[in-house]
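Remarks on the overall topology
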Amino acid sequence: MKMRITVNIEDEDNTEVTEPTTIEVDIPGIEAFTGQRVFDQVFERYERGVLEARNGVVEEATEKYLSEVAQKNPIGV
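Residues numbered from 1 in each chain as written. Predicted model: local features only at pLDDT ≥ 70, side-chain atom pairs only at ≥ 80, totals over all residues. Heavy atoms only, no water.

So, on to the packing of aromatic side chains. By the definition in use, this model includes three aromatic pairs. Between F33 and F39, the aromatic rings sit 5.2 Å apart at their centres with planes inclined by 50 degrees, giving tilted as the arrangement. Since its relative accessible area comes to 30%, F33 is described here as partly exposed. An angle of 5 degrees between the planes, with centres 5.9 Å apart, marks the rings of F39 and F43 as stacked. (Phe/Tyr/Trp six-rings, centres within 6.5 Å; stacked < 30°, edge-to-face > 60°. Buried < 20%, exposed > 50% of the residue type's maximum accessible area, 1.4 Å probe, protein only.)

So this is what it looks like as structure tokens:
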């Protein structure tokens, strides 16, 4: 099973400032949650992978955003 996280950075008028940034992360399938004994372990795997993916995709989107900022507002001009 996979989760896809997409980050869009847009102006107030909904025009894209950068192209969307997307990442896919593998997550445990629903059938992995077989009972209370394994729920915590499976959920921890899910949560850890999703949080790492989220941080990575936001970092990549931020780099694109700052690149746009640098192109439109060069420092020292």
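That covers the picture; the talk isn't over yet.
Time to look at a negative patch on the surface. Judged by side-chain charge, E10, D11, E12, D13 and E16 come together as a negatively charged surface patch. Examined against the element boundaries, D11 turns out to sit in the loop between β1 (2-7) and β2 (21-26). D11 gets classed as partly exposed once you look at its relative accessible area, which sits at 39%. (Patch = residues over 30% accessible without salt bridge, like charges linked within 9 Å, V, L, I, M, F, W, Y side chains within 5 Å. Areas by Shrake-Rupley, 256 points an atom, 1.4 Å probe, with all protein chains shown as cover. Salt bridge = Lys/Arg side-chain N within 4 Å of Asp/Glu carboxyl O. Lys, Arg positive; Asp, Glu negative; His and termini not counted. Charge placed at Lys NZ, Arg CZ, Asp CG, Glu CD. Helix = DSSP H or I, 4+ residues; strand = E, 2+ residues; numbered from the N terminus.)

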